[in-house]
Structures are given as structure tokens and as C-alpha cells.
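Analysis of the macromolecular model
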Amino acid sequence: MQGAVDEREVAKFEAMAAEWWDPEGKFRPLHMLNPCRLDYITGQISAHFARAPRAAGWLAGLRILDIGCGGGLLCEPMARLGADVVGVDAAERNIPVARLHAERAGLAIDYRHGTAEGLAAAGERFDVVLNMEVVEHVPDPAAYLAACAGLLRPGGLMITSTINRTARSFALAIVGAEYVLRWLPRGTHDWRRFITPQELGAMLQAAGLGPVDRKGFVFDPLRWSWTISDRDLAVNYVIAAERPAA
Amino acid sequence: MGIDTDIVVAGGGIVGMTLALALRRAGFAVTLCDALPVPARADAQFDGRAYAVAAAGRRMLDALGVWQAVAPAAQAMTDILVGDSRPGEAAPPLLHFDHRESDSGPFAWMVEDHVLRIALLSALEAAGITHLAPVTIAGQEAGPEAVAVALADGRRLRARLLAACDGRDSAIAARAGIGRVGRGYRQRGLVCALAHERPHRGIARQIFLPGGPFAILPLTGNRVSLVWTETEALAAALDALPDADYLAEIRRRIGDPLGAVRLIGRRWSYPLAFSLARRYFADRVVLAGDAAHVIHPLAGQGLNLGLADVAALTEVLAEAARRGEDIGAPSVLARYQAWRRFDAGLMGLACDGFNSSFSNDNPLLRALRDAGLGLAGAPLAARRFFMGLAAGETGDVPRLMRGEPV
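Residues numbered from 1 in each chain as written. Chains lettered and ligands numbered in written order. Predicted model: local features only at pLDDT ≥ 70, side-chain atom pairs only at ≥ 80, totals over all residues. Heavy atoms only, no water.

The subject of this paragraph is helix 4 (residues 94-104) of chain A. Among the residues of helix 4 of chain A, Asn94, Ile95, Val97, Ala98, Leu100 and Ala102 of chain A are the ones counted as buried. Two residues or fewer past helix 4 of chain A, glycine 106 of chain A is found with a positive phi of approximately 75 degrees. (Buried < 20%, exposed > 50% of the residue type's maximum accessible area, 1.4 Å probe, protein only. Helix = DSSP H or I, 4+ residues; strand = E, 2+ residues; numbered from the N terminus.)

What follows is the structure, encoded as C-alpha cells:
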């Protein structure tokens, strides 16, 4: 019976959604980083679009794309703040999971299976593109970033975070996170694919974007949480770049 | 299904009212549910109960616009004398804390319960907080979008979060499956207030008697609040005494430093315990104040811990809301727990240690603790730390407790 199959599917998706949203579970590193990422994202959007971040629904009227949306850890907060959100993920299994979780939370989010290149080819345009922890996983970062840049409306903002290629990033992101703390499965990251802030800045400029800000995301082992740093970009860092107004 | 309010605060005591006010000031829609009727909370008669509000708590009440109404009735505690003696003996001070040793002014302000209650009630009204009283919360059901709070009169409220400030026997925590660790002390805390002849000069006295610590805390005018600990059996006998004999027992313990005394307000008696909730949150439920922790009253830190909960929880939730996070999500509530639970446990254990090492009459122990207290009095750093702790100023201080808005 069709209904029985759907119920089994729903139960599976529910289990996967529970996994995505369990702060102590498999995605614990993302949950720990999330407040810091959201602080940065909301701060940049607030500054770029000159909107005060205090009123309810202050992102209303902005169309935001999250690339590599996973279970929706960034999409849901953006939707809760009033934005019109599209989440895209190349992993098809994430889409029904994210969709189910958002629906249960009473949030309207447009989740799609696909890629940035696919959306660009379809002529989709956004005010904000969130490109968080994706670029170190793609085979041709320059071509990928060019496609992402094409998704921005003139005057739009892209926020790209990734991991620097330094001795410390090898020690922390590979040895520390994958081997010692086991935050991430071994082989999640390939250090040689990591990109320096200079390289990322150059690629964004080549894609026609103007970098407006860059910061580090720094893990503080004493507070056991992440903070935004002006100076320390040696491991995790982020660059905000705008597409010039036409 | 819509949402009626962002946060339901359950419990109309000092912590519940302060939390409702702080959350409203941070921009949340708040509904306060109190089991007691408003006239009972608004009773302006001094009933004998008072609190030591530490410097950090005072700054927070100031930031919330409540302190102005409280200040004229608050007595600054400028000196703390700690002594050790048997009933009938004079108690030479072993430790003397003088507020001039720290930069932050008096250690604490003594505030009567009704003064704080009434100031908070009028602030709640002015802030436009929905205040349901008397209502009993009969149940709660957490879902992915909201928690449905069932009132005993049949009404239901849907909120993002239910904040339980419903005391040490929190029914909400029990229903959420949150257990407690700790122990009873087989002691009772006796509380009353006295009017007296000679001025107290803002000095608080803490005397360690065989039955347990005895605190004499200055109130405005020639009045003091007494908080003393006795074994259960003796406390029961004391509770049964007529006022004149009760006063004679007090005089036997503290001597006559204040001249002639008489009782004002009621006499109170509480069972003493140390207990800590195993978790500070469950699905869309969060605990604050006595619902989260009960400690020995000897250091007067119970309410201050509750106010610190309020400040930290408000800051965590306000930041989460600003980022677009779900304020009822475990990832958010875990930050509050990480911030506050360790502090409360530490304070509870410190009070526990003091209480057990002083609540007995072993002569060897007396000699040892005399020496121990003398040593503890020596190093300036340790004294500074102790005074900072008493003023609520150690560790990561929430913004409200620094007197800043969230």
C-alpha cells in the first residue's frame, strides 16, 4: 500500500532529521560552530543591507540561498528571521529530511536537490548566497565560485567560509578534529584542497565580486565554543563579498 | 496552530517575576503564570523574610528599572564579621570582611521580601506582561514547534519555551523527567526579624554555633534579619515556643550586642537541603531558581544564584533569537546549562562544606577550624576571591549583572 511505504519513509526521514538536529550527535561540530556562523552572517547582512537586527522578521524581503544546506541548520534561522529561503544540497537524501524538519517547525523553506551551477543555469537570483564549508570539497573551486557569483543580484552579498591551508589547520582540522577528538569522520577533509584567504579572495575577485570583510572563526578550548576573530584566520575563516550594483 | 506567547514563565516568586521582566525587556512576548493570587503577592506587610542581594544582583535590578523603587528600603551591608562560639559565649571575630577592601562598594544589600515583590509586580504591569494569577499549570506537552501548557482551568497556552521557576519541588521538572541529586541536612532554617535598641552600623554577623551557622543581617533602621540553623529536633522545639521564650533562645545564642530586642513579622522555619537538578532543560522546558538548585542558606546565596540564572538565561535566549535560532532547541538551552549549572553546584558544595565542618561541637574540630579560618583570613587573594564570590562577581558574568542591557 502506498501509505505504508510513505510512513516507513517518513520514519526514516524523522530519524535522520533527529540526527541532524541533535546537538550532541553526529553533527555536534556544526552545532558548536553554528551560533558563531549565524552571528557573522546576521551581522554582515545587517551592515550590508542597512537593517537593524532587533525587530522581528528583520530579514523579510530578502531572498537567501544556502548551498550545501544539509538538515537546514542555517536555512531555518534565516527563515525564522523572515527571509525567503532556498536550500540546495547535492546529496538528495538530505532534502526530504530538511523539508520534514522545517514543516514540523512551522517554517516555509524551499528545499531543492541540486547544485549552485544548476540553479545558475536556471537563471535563479538571490540577495544573499551562503556558501559555508563547501568550497574545500569541490574539485574546481574557481569555476564553482564563478557559478555562485552568478547567482547574486547586483548589490547582493555572498558569504563564503572554509579552512585555511596552514600547519595549524593541519594540526587542528585534520589531526585534532578527525583523529583526536573524532568530531568528523576520517577523510572528511583533504588538507591539500584547503584554500588560503589570499587564494579565496583572488578567486572571488576573478568571479566579479568585491570582498568587503574577512574574519576568523576560532575555537576556544577553555570556553568550549567558537568566537569571531579579527586577526586569527589560520584555521577556519570567512569572507563576505558583494556583487557591485549594476 | 498559532503561538500564543514566546515564553511561559511558571512561578510568581522573585525569580519568576524577574525572569518575566528581563525577557520582556529583551523583546520577548511573555506570559507569567502564578499559582498565588496577585493580592497575596502584593501584601505590603513586612512578614519577616529578607534577602541579601549581592552587588551583581543590584546592578541587574537597576538595569531592569526595579532598583529605584527598592533602594530606599535597602540596607547596605558594609562589613561581615565571622565568628565561632558556643551559646552564651561572646564570639570574637575570626574573619572580618570590610567592603573597603574591594572596589565594588557594599557586599550586598538587605532587602525585605515584600519590597522586592511589590517593586517587581508594578514593573511587570508597566512592561505589559500577561500575568495570569491564580492559575495552576496542570501539564505540558512539548512538540517540534511549540510547547502546549495546560492550565488547570482548561485553558491551553502554546509557547516556544516553558521556563519553570516553580520552586524546589518543581512539578514541571518532575513531569519533564528531570531528577535531582543532593541530600537533606536534617536541619531547619529559622528565619525572623528583630527590632533592636542599638544601631547595627551595616554590619552582618555570621556565628558558627554547634547547631549550625547563625546569621544576623542588617535591615534599614534599627532592625535585623536572623537566619539560623538548628537540628530538626531542636528546631521543632524552638518553633513551638512562645515569642518571649523564642527571643530568650536568640539572646542566649547571640548575646546582647544590639540591646533590647523584639520580634517583628512572622517566624519562619524551612527544611534545609542541598539539591541540584540533573539537567537544567528538557524538551522546550528550562529550569531557573530553586527549581534548578537549592543550597544551604548560610551564605545567603540562594536568591543570588537565581538572579544569575535569570541574567544568563535572558542573554542566551536573546542572542539565540537575534540569530534566528529556535529558543526552545536543546542546542540553545544547553548553553544556559553549561553557563550556570557548574556555578550552582560549586556554590552548593562550598556551603555544604562550611555547614558540615561547623555544625558540631567537637573540641578538636573547633581548634582546627579556628586555625583554618585564621589561615583563610590571611592571603589577600583568597579574601578577594571570597568577597567577589559573595558579590556574585566571579567567572563569566552575564551582561545584566554588569548592569548592561542584553
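From this point, the narrative continues.
Let's shift gears to the sheet that holds strand 4 (residues 75-77) of chain B. Residues and elements named next belong to chain B. The strand order across the open sheet formed by 3 strands is 3-7-4, and the pairing between neighbours is antiparallel. If you trace the sheet from one side to the other, it starts and ends with strand 3 (50-54) and strand 4, each paired once. Neighbour-to-neighbour, the strand axes of the sheet open up by a mean angle of 30 degrees, direction not taken into account. Pairing between strand 4 and strand 7 (residues 108-112): 3 bridges, direction antiparallel. Directly across from alanine 76, in strand 7, lies its bridge partner tryptophan 109. (Pairing = 2+ DSSP bridges. Axes fitted to C-alpha atoms, helices over the stretch in contact; angles between N-to-C directions.)

So, about the packing of helix 1 (residues 14-25) of chain B against helix 5 (residues 113-126) of chain B. Residue and element names in this part refer to chain B. Interhelical geometry of helix 1 versus helix 5 gives an angle of 30 degrees and a closest axis separation of 10 Å. Our classification of the angle between helix 1 and helix 5 gives roughly parallel. Classified by chirality, the crossing of helix 5 by helix 1 is left-handed. Residue-level contacts link Ile14, Met17, Thr18, Ala20 and Leu21 of helix 1 to Asp113, Leu116, Arg117, Leu120, Leu121, Ala123 and Leu124 of helix 5. (Parallel < 35°, antiparallel > 145°, perpendicular 65-115°, else oblique. Left-handed = near helix turned anticlockwise from the far one by under 90°. Contact = heavy atoms within 4.5 Å.)

Core analysis: the biggest nonpolar cluster contains 95 residues, and Val9 and Leu317 of chain B have the highest contact counts within it. Ignoring any residue separated from it by four or fewer positions in sequence, one finds valine 9 of chain B in contact with Gly16, Leu19, Ala20, Leu23, Val30, Thr31, Leu32, Cys33, Ala163 and Cys165 of chain B. Ranked by size, the runner-up nonpolar core spans 37 residues in total, among them Cys36, Ile64, Met78 and Trp183 of chain A. (Core = buried A, V, L, I, M, F, W, Y, C linked by side-chain atoms within 4.5 Å.)

Quick reminder: α-helices carry 3.6 residues per turn. Residues three or four places apart thus point the same way. Residue and element names in this part refer to chain B. In this model helix 1 runs 16 Å from its N-terminal to its C-terminal C-alpha over 12 residues, within 8% of the 16 Å that 1.5 Å per residue would give. Most of helix 1 is tucked away: 10 of the 12 residues are buried. Taken together, the buried positions of helix 1 are Ile14, Val15, Gly16, Met17, Thr18, Leu19, Ala20, Leu21, Ala22 and Leu23. Just downstream of helix 1 lies glycine 27, where phi reads positive at about 105 degrees. (Expected span 1.5 Å × (residues − 1).)

When you line up the elements, glutamate 315 of chain B lands in helix 9 (residues 302-323). Reaching out from glutamate 315 of chain B, the side chain makes a polar contact with the backbone nitrogen of arginine 399 of chain B at a distance of 2.6 Å. (Polar contact = N/O pair within 3.5 Å; in protein donor to acceptor, adjacent residues only side chain to side chain.)

For the rest of this paragraph, the subject is the confidence of the model for chain B. All names here are of chain B. Confidence in the prediction for chain B averages 86 pLDDT; 85% of positions are at 70 or higher. The low-confidence segment residues 372-385, where pLDDT is below 50, has 15 contacts with residues more than four positions distant or belonging to other chains. Scored by ipTM, the complex comes to 0.88, with pTM at 0.89. (pLDDT = per-residue confidence, 0-100.)

Here the focus is the environment of glutamine 206 of chain B. All names here are of chain B. Of note, glutamine 206 is situated in strand 13 (residues 203-209). A sequence separation of 85 residues divides glutamine 206 from leucine 121, and the C-alpha atoms of the two residues are 32 Å apart. In contact with glutamine 206, other than residues within four places in its own chain, are Leu81, Val82, Gly83, Pro213, Phe214, Ala215 and Leu298.

Residues and elements named next belong to chain B. Burial analysis of strand 14 (residues 212-219) places 8 of its 8 residues in the buried class, which makes it a mostly covered element. Judged from the 5 bridges that link them, strand 13 and strand 14 form a sheet pairing that is antiparallel. Among the inter-strand pairings, leucine 209 is bridged to a residue of strand 14, identified as glycine 212. Hairpin connection between strand 13 and strand 14: a loop of 2 residues separates the two successive antiparallel strands. As defined by bridge partners, strand 14 adjoins strand 15 (residues 223-231) across 6 bridges and the pair is classed as antiparallel. Looking at the pairing, isoleucine 216 lines up with leucine 226 of strand 15. Connecting strand 14 to the next strand, strand 15, in antiparallel fashion are 3 residues, including glycine 221 with a positive phi near 70 degrees.

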